[in-house]
Amino acid sequence: MKYISTRGEDPPISFSAAVVEGLARDGGLLLPETIPDVRDSLDTWRHLSYAELAVKVMHPFTDFSEERLKDLVERSVASFRHPEVTPLRPCGDMWILELFHGPTLAFKDVALQFLGNVFESILEEQDATMNIVGATSGDTGSAAICGVQGKKRLRIFMLHPDGRTSLLQRKQMTTVQDEHVHNLAVSGTFDDCQGMVKTLFNDLAFRDQVSLGAVNSINWARVMAQIVYYAYASLQITSKTGASRVRFSVPTGNFGDIFAGWIARRMGFPIGRLILATNTNDILTRFFTSGEYRMAEVVPTISPSMDIQIASNFERYLYYRLNECGTSVRTCMHDVAAGHSLKLPLLSDGHVDDEIEAISASEQDTLESMRKVYQEQGYLLDPHTAVGVHAAKECNKRDQHEPIVCLATAHPAKFPEAVAMALGASVEARHPVLDAISEQPERYDPMVIDADVLKAYVLDRAREGMA
Ligand SMILES: *Cc1c(COP(=O)(O)O)cnc(C)c1O
């Protein structure tokens, strides 16, 4: 499989090159040239374990042998605390797909444990090293750090906005004692962090000089690893219930997770509609209900990992909506970057997209959904998952003929403040992994909002590594 840029100006590259590059050189995102059709294989895949299915689903996207991929998958799922990796559990009139059994208790571990192993495997083959630079508002940072920890050919520089992540989120990153891990507390916002990372990636000379690598969800390998749990859950539920298709409700920020579901659907897994659930930061819900993509201010919410206005993976979706025309994508993305809104024509039935239904949840809706599910099912939701459950309930009110699977994207113990807001102090959300880090020493450096200072910092450490 070859990979092409959404902006159409780069020559096709291999899977390994696409993973190492992260971002296309023309500024676009990388996508596989074609989407494999798996419909003829579904019946033989129904009884596979998560790891076995992962190999089947991902193999056509890669340039790896099945044995090599199997080894990478097995090592990645070994860090999960549940034998089924991503177990399903019934919850009232829906299903919950628990994606938080990885080392940092967020669904991002599913992709980042795998990505760390893929990076290491490619770098060993090429006898090379890589410097990863990323920005985080919370969950991505710890999952990315954990994914590359102990991997000698990788060094990671993770920027977080100083004082703007939760204490727990910061400690999950800064208590990692590994000389290849550099946490940087930036005196600014998440957007400032993201802006500096972008500046480094756009400096192609610097990018080549330090072999810059990306762990944000723009990296195709992350999307690819997430296709697996849509495949797994859709096969499990259709086998269990006899339903012909299942719907998924997806708490959405950067559009990475739901885009993986969209690809799984295109591949032919038994998936009906995808429910796109947003919090008050609802640029995507507004888009999928009106056809207009227009940025607004980011408002802080109790589901902070979805507090996003620029959904970086949206460009991939746009590519397909614009009939795979790189020139149109380029024009649209330049317009958005210049602050203009984007308007796509509606389908003949008046919808923006028949495969995606978007619903947003207010802070009250989110808290209410945490309360209700706890009282009725005795099950504690994290605030991100609660946004998705709210959206799923709204959809079930209208139409119940296809089961809904809600993706549980984080363990509630990661968000004790939201749990206390919803349920009071009597319900405690704890997890031994988080209890263990609270007393450990932290390690991080301050960083100013200046891409040149950041470049010098990276270069210094990158040289040390090569010496
Ligand atoms: C990152 C994250 C999301 C949003 O996922 P996207 O791929 O950015 O849409 C939702 N919930 C949690 C807990 C997250 O960490």
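A brief look at the structure comes next. Counting restarts for each chain: residues are numbered from 1 in the order of the written sequence. Note on the predicted model: pLDDT of at least 70 is required for a residue's local features to be given, and 80 or more for side-chain atom pairs to be given and counted; whole-chain, interface and lining totals, by contrast, use all residues. Computation of side-chain values: all heavy atoms of the structure, hydrogens and water removed.

Helix and strand assignments come from DSSP, with helices taken as H or I runs of at least 4 residues and strands as E runs of at least 2, each series counted from the N terminus. Note on placement: leucine 423 falls in helix H17 (residues 416-423). Accessible area is worked out with a 1.4 Å probe on protein chains only. A residue is then buried under 20% of its type maximum, exposed over 50%, and partly exposed in between. Note on leucine 423: relative accessible area 15%, which makes it buried. Spatially, the C-alpha atom of leucine 423 lies 7.9 Å from that of methionine 370, the residues being 53 residues apart in sequence.

Here we take up the sheet that holds strand S3 (residues 30-32). DSSP-based pairing: two strands are paired if at least 2 bridges between them are found. Ordered by their spatial adjacency, three strands build an open sheet running S2-S1-S3, and the pairing between neighbours is antiparallel. Only two strands of the sheet have a single neighbouring strand rather than two, namely strand S2 (13-14) and S3. Sheet topology note: the strand S1 (residues 2-5)/S3 ladder contains three bridges and is antiparallel. By the bridge assignment, serine 5 is partnered in S3 with leucine 30.

Let's shift gears to the site of the ligand. One heavy atom within 4 Å of a molecule or strand makes the whole residue count as near it. Near the ligand you find 15 residues, and of these Lys108, Asp139, Gly253, Asn254 and Thr409 are the closest. As used in this structure description, the phrase polar contact means that two N or O atoms lie within 3.5 Å; if the pair is within protein, one of them must be able to donate a hydrogen and the other to accept it, and residues adjacent in sequence are counted only when both atoms belong to side chains. Aspartate 139 places a side-chain nitrogen or oxygen 2.7 Å from an oxygen atom of the ligand. For the ligand, an oxygen atom lies 2.7 Å from a polar atom in the backbone of asparagine 254. Where accessible areas are quoted, they stem from the Shrake-Rupley method and a 1.4 Å probe; at the residue level, only the protein chains shown are allowed to cover. Bound to the protein, the ligand loses 97% of the 380 Å² it would expose on its own.

Note on ring pairs: Phe, Tyr and Trp rings are taken, using the six-membered ring of Trp, and paired if centres are within 6.5 Å. Classes follow the plane angle, with under 30 degrees stacked, over 60 edge-to-face and the rest tilted. Going through the model one piece at a time under the given rule, you end up with 24 aromatic pairs. Geometrically, the ring pair formed by tryptophan 262 and tyrosine 320 is tilted, given 5.2 Å between the ring centres and 40° between the ring planes. With a gap of 58 residues between them, tryptophan 262 in helix H11 (residues 256-267) and tyrosine 320 in helix H13 (residues 314-321) connect regions that are remote in the sequence. The class for tyrosine 320 is buried, based on a relative accessible area of 11%. Each residue in the set Phe255, Phe259, Trp262, Phe287, Phe288, Tyr293, Phe314, Tyr317, Tyr319 and Tyr320 is aromatic and connected to the rest through ring pairs, giving one cluster. A cation sits over an aromatic face here: arginine 68 above phenylalanine 64, 3.8 Å from the ring centre. Our definition puts a charge over a ring when NZ of Lys or CZ of Arg is within 6 Å of the ring centre and also within 35 degrees of the ring normal.

We now examine empty space enclosed by the protein. Throughout, the protein atoms alone are placed on a 1 Å grid, and a set of points is a cavity if a 1.4 Å probe fits but cannot get out or a pocket if it is open with protein on both sides within 12 Å along at least five of seven lines; lining residues have an atom within 4 Å of a point. Grid points are joined across faces, edges and corners, and a volume is the space filled by probe spheres set on the points. Applying the stated criterion across every chain, the model contains one cavity of 30 Å³ or more. By volume, the largest cavity is sized at about 110 Å³.

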